[in-house]
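Coordinate inspection notes
Spelled out from the first residue to the last, the chains are:
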Amino acid sequence: MTLTAQTRTDAAAGPDQAPWWRQAAVYQIYPRSFADSNGDGLGDIPGVTSRADYLAELGVDAVWLSPFYPSELADGGYDVADYRDVDPRLGTLDDFDAMVAALHGRGIRVVVDIVPNHTSDQHAWFQEALAAGRGSAARERYIFREGSGPGGSEPPADWESVFGGPAWERVADGQWYFHNFATEQPDLNWDHPEVRADFVRTLRFWSDRGVDGFRIDVAHMLTKDLTEPLPSRAELDALPFDGKHPLIDRDDVHEIYAEWRRVFNEYDPPRTAVAEAWVDASRIPLYARPESLGQAFNFDLLQADFDAGEFRRVVTDNLVLAAASGSSSTWVLSNHDVVRHATRYGLPALGPDERGRDAVKQGSLWLHSGGLEPQLDREAGLRRARAASMFLLALPGSAYLYQGEELGLHEVAEIPAAERQDPTFYRTAGEEIGRDGCRVPLPWTAEGRSHGFGADGSHLPQPGWFAQYAVDEQERHPDSVLELYRAALRLRAELQTGERLEWVETGRDDVLRFRRPNGWEVVTNFGTEPFALPAGEVVLASGAAVAGVVPGESTVWIRGAHARV
Ligand code: GLC
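Here is what the cut-offs are and how they apply
Residues numbered from 1 in each chain as written. Predicted model: local features only at pLDDT ≥ 70, side-chain atom pairs only at ≥ 80, totals over all residues. Heavy atoms only, no water. Helix = DSSP H or I, 4+ residues; strand = E, 2+ residues; numbered from the N terminus. Rg over C-alpha atoms; globule rule 2.2 N^0.38 Å. Buried < 20%, exposed > 50% of the residue type's maximum accessible area, 1.4 Å probe, protein only. Contact = heavy atoms within 4.5 Å. Areas by Shrake-Rupley, 256 points an atom, 1.4 Å probe, with all protein chains shown as cover. Salt bridge = Lys/Arg side-chain N within 4 Å of Asp/Glu carboxyl O. Near = heavy atom within 4 Å. Polar contact = N/O pair within 3.5 Å; in protein donor to acceptor, adjacent residues only side chain to side chain. Nonpolar A, V, L, I, M, F, W, Y, C, P; charged D, E, K, R; others polar. Pairing = 2+ DSSP bridges. Axes fitted to C-alpha atoms, helices over the stretch in contact; angles between N-to-C directions. Right-handed = clockwise from strand over helix to strand, strands pointing away. pLDDT = per-residue confidence, 0-100. Phe/Tyr/Trp six-rings, centres within 6.5 Å; stacked < 30°, edge-to-face > 60°. Lys NZ or Arg CZ within 6 Å of the ring centre and 35° of its normal. Parallel < 35°, antiparallel > 145°, perpendicular 65-115°, else oblique. Left-handed = near helix turned anticlockwise from the far one by under 90°. Core = buried A, V, L, I, M, F, W, Y, C linked by side-chain atoms within 4.5 Å.

Along the protein chain, the regular secondary structure elements total 18 helices and 19 strands. Taking 2.2 N^0.38 as the reference for a compact globule, 565 residues should give roughly 24 Å; the C-alpha atoms of the protein chain span a radius of gyration of 23 Å, in line with that estimate. Counting only C-alpha atoms and orienting by the principal axes, one finds that the protein chain spans roughly 75 × 55 × 45 Å. Looking at the protein chain residue by residue over its 565 residues, the buried ones come to 62%. A fraction of 68% describes how many contacts in the protein chain between residues 6 or more apart in sequence connect residues 24 or more apart. With the model as given, the accessible surface of the protein chain reaches about 20400 Å², and the carbon-plus-sulfur share is 51%.

Structure (C-alpha cells):
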C-alpha cells in the first residue's frame, strides 16, 4: 500500500471547515441547450429555474452556467456584447435573480462564466473603436495595428487564430485588429486600465447579485507582449511556454488575478473562481493558488484513454500538483468543447502522438477514424463511460460534470452542415467538425416536441435516438445512467470526508483500487477479465451485479471494510 497524495488543507482544516468548492460536484449548464421555457428553440434562464428540482434530485452542489449574456452567437455565447446583462432571448436580470433564488433555495450554488480575453464585435467598446478611427483612445482598448506590405494591405503578422484562419482582421479604414478566436471576438488590451477596471465592476455586479463563483474563460491568454517587430508564426511556434511567451500563459497575467482575488475576498463567503487554462501541468498551480483564482481545471483525465495506467498517473500527478498549490484538484471528462466521453471511449484508441487537446476538441477524432458511425461501439463507450464517471466521482476534489453526461449521451454526429454553428467548422472549411455535437439540446422526455426541451424545433437538431436517453425514460429504469449518477452523488456526500486517496495494489495492470479516508474503497476494472471483489459492502456498481467479482469495464464502491485512514 502506498500513500501517494495528500493535500495540505486536509491536515490543516477538518472537513467541516473546508470551503464548499473544494469537493463540490459542479454541473455545467450550456443554457441555450438546457431547457426552453418559451418555445423559441433556444434554452433560457427560466428554463433552468424550471429544472431546479431536477438539479436538486441529481444531487449536485453547484451549477456553472456557460455565457447567457447578450451575444450575436458567433461562438455559442463566448462572444459577449454586454457583460452585465442577460441576452433578451434568454430572459432578464429578474429571471436571473429568480433562478439564483430557486437554486440557492435548494442548496445549489451558482457559478457564472467570465470571458475576459475578448468581447463580441457588437460590444459597445468595439463599435466605438470602429467609429472613432485610427489613433483614437477607443481603439486602445483593443489591439489595433497598421498592416504590413504595400499600403498596409497584409496583416501585421501571419498568425493563425485558435479556430483556424488568420488572427488579424482588417477594418474599413485599413487598420487591423487581433482576434485569437473568431473574427467576431476581438481581443482586449489588458494593459489598458479601463479594461481592468471594467472587469472588476463585472465581478462585483454578479457577486452582488448572489453569484457564488466564476469560471474564467481562457484564463491563460489575457496579457500579451506585442512589442514590434512582431514575431512570425514560425517564430512564435518555436518559443517555449515559460511565462514569457508573447501570447500564452504569461507570468504577468497573475497581476490581474491577484486583484480579482482581493475582490472575491471582499465577500462572505469569498467568491470562488476556476481557471480554464490549457497550460503545462507544472504551471497550473500558478492559477490555482489561494492568492490567485483558487482553482484551475485539469484536463488530463479528459485527454486520457480508458486505461488504468493513464488514469493512475493522471490522478497521482494532479493530486500532488493540487496539494502544492494549496487548492483541491478538479476532474473533468466532458464539457461543451469536447467530444462526449461516452463516444470517445467507444472509438478505437488513438496513438500516443494523436492524443491530447486536438483529439478531444474540434472533432479530430472523426478525422482520425474516418467518420464516426462505422467505428463507434456505442455500448462499449457507454459501459466505459459509466465506469470512468464513477471512478471520477469517487476522487478527492471537485467533479465537473457536463449536462447530458448523467444521461450517458453520445455525441451527435448527424448535424447537417447548413445547421452547424461552431465557428471552427466554418473557419476550417469543415475540416474540423466543431463542437456542436455535444451541444444539442437535452432530451427530457422520450415523446413530445423536441423531447421536452420545449420548442417545436431546437437550435441544433436532436437525433431520433435521443428518445432512449430521455430523462423520463431513464427514471423508469433503476439501472439507467441517470439513476447511477443520482445514487453516486447521494453517496458522495459521505465519501468526501477528506482530500486523500491511497492506492491499494491489485496485482493487475488493468485494475485500479483506492481507499478514501472514510475507509471506502473504489475498484475500477479497465480490462475485460473479472476481478475478485474485495471485502465489504458494495454500495454502488456501474456494471451488472455479478456475485464476488468486479466485472470487466466497471467500477464498484465498497463501504467501510477498513478502519479510517
Ligand atoms: C473557451 C471556451 C470555448 C470558447 C473559447 C473562446 O475555450 O470554453 O467554448 O470557444 O474559450 O471564448
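And the narrative resumes.
Here we take up the pattern of salt bridges. Applying the stated criterion across every chain yields a total of 39 salt bridges. Asp-87 is paired through a salt bridge with Arg-89; the nearest N and O atoms lie 2.9 Å apart. Arg-250 is paired through a salt bridge with Asp-252; the nearest N and O atoms lie 3.1 Å apart. When its relative accessible area of 11% is taken as the criterion, Arg-250 is described as buried.

Let us now look at the site of the ligand. Neighbouring residues of the ligand: 14 residues in total, closest Asp-75, Asp-217, Glu-276, His-336 and Asp-337. One of the side-chain N or O atoms of Asp-75 is found 2.6 Å from an oxygen atom in the ligand. Compared with its free state, where it exposes 310 Å², the ligand has 99% of that area covered by protein. Across the shell around the ligand, the residue classes tally to four nonpolar, three polar and seven charged.

Okay, the side chain of Thr-272 next. Within the fold, Thr-272 resides in strand 9 (residues 272-275). The exposure class assigned to Thr-272 is buried, which follows from its relative accessible area of 9%. Discounting chain neighbours no more than four positions away, the residues touching Thr-272 are Trp-20, Trp-21, Asp-212, Gly-213, Phe-214 and Arg-261.

This part covers the sheet that holds strand 3 (residues 62-65). An order of 10-9-8-4-3-2-12-11 is seen for the eight strands of this open sheet, with the pairing classed as parallel. With partners counted over all chains shown, the strands left at the sheet margins are strand 10 (294-296) and strand 11 (330-332), one partner each. Taking the axes of each pair of neighbouring strands and ignoring which way they run, one obtains an average angle of 25° across the sheet. Of the strand pairs in this sheet, strand 8 (residues 213-216) and strand 9 are connected by four bridges, and their pairing is parallel.

The next point concerns the pairing of strand 4 (residues 109-114). Strand 4 sits mainly inside the fold: five of its six residues count as buried. The sheet contact formed by strand 3 and strand 4 spans four bridges and is parallel. Counterpart to Ala-62 in the pairing with strand 4 is Arg-109. In the classification by handedness, the crossover that spans strand 3, the intervening helix 4 (residues 93-105) and the parallel strand 4 is right-handed. Bridge count for strand 4 against strand 8 is four bridges, and the pairing is parallel. Bridged to Asp-113 within strand 8 is Arg-215.

So, about the confidence of the model for the protein chain. Here the protein chain shows a mean pLDDT of 92. Residues at 70 or above account for 92%. Every residue in residues 1-15 is under pLDDT 50, and counting partners more than four places away or in other chains gives 34 contacts.

The subject of this paragraph is the packing of aromatic side chains. Counted by the stated rule, this structure contains 39 aromatic pairs. Each ring, one from Phe-306 and one from Tyr-345, has its centre 5.5 Å from the other, and the planes form 55°; the classification is tilted. Here Tyr-345 lies in the loop between helix 12 (341-344) and helix 13 (357-360) and Phe-306 lies in the loop between helix 10 (300-303) and helix 11 (308-325), a separation of 39 residues in the sequence. Here Phe-306 matches Tyr-345 in class, with each residue buried. Seen in terms of ring centroids, Phe-391 and Phe-526 are 6.2 Å apart; in terms of plane orientation they differ by 70°. Their pairing is edge-to-face. Pair noted here: Phe-391 is in helix 15 (residues 378-393) and Phe-526 is in the loop between strand 15 (521-525) and strand 16 (531-532), with a separation of 135 residues, a long-range link. Its relative accessible area of 7% is what places Phe-526 among the buried residues. Against the face of Tyr-345 rests Arg-344, its NZ or CZ located 5.8 Å from the ring centre. Over the ring of Trp-465 we find Arg-378; its NZ or CZ atom is 4.4 Å from the centre of that ring.

So, on to the side chain of Ser-542. Looking at the element boundaries, Ser-542 is found in the loop between strand 17 (537-541) and strand 18 (549-550). Accessibility expressed as a relative area gives 5% for Ser-542, which makes it buried. Residues within four places of Ser-542 in sequence aside, it is in contact with Arg-386, Ala-387, Met-390, Leu-484, Ser-554 and Thr-555.

A separate point is the packing of helix 6 (residues 193-208) against helix 8 (residues 253-264). At a minimum axis separation of 10 Å, helix 6 and helix 8 run at an interaxial angle of 30°. The angle between helix 6 and helix 8 places the two elements in the roughly parallel class. The hand of the helix 6/helix 8 crossing is right-handed. Across the interface between the two elements, Arg-196, Phe-199, Val-200, Leu-203 and Arg-204 from helix 6 touch Glu-255, Ile-256, Glu-259, Trp-260, Val-263 and Phe-264 from helix 8. In terms of residue class, the contact of helix 6 with helix 8 is made up of seven nonpolar, no polar and four charged.

Moving on, we get to the packing of helix 15 against helix 18 (residues 481-495). Axis separation between helix 15 and helix 18 bottoms out at 10 Å; the angle between their running directions is 15°. One element, helix 15, and the other, helix 18, form an angle in the roughly parallel class. In the crossing of helix 15 with helix 18, the sense of the turn from one axis to the other is right-handed. Of the residues in helix 18, those in contact with Leu-382, Arg-386, Ser-389, Met-390, Leu-392 and Leu-393 of helix 15 are Val-481, Leu-484, Tyr-485, Ala-488, Leu-489, Arg-492 and Leu-495.

Ranked by size, the top nonpolar core spans 136 residues in total, and within it Tyr-27, Trp-260 and Trp-557 carry the most contacts. It is helix 18 that contributes the most residues to this core, nine residues altogether. The contact partners of Trp-260, leaving out residues within four places of it in the chain, are Ile-114, Pro-116, Trp-190, Phe-199, Val-200, Leu-203, Ile-216 and Leu-293. The next biggest cluster of nonpolar side chains, apart from the first, holds 17 residues, and it includes Trp-159, Met-221, Leu-236 and Ile-248.

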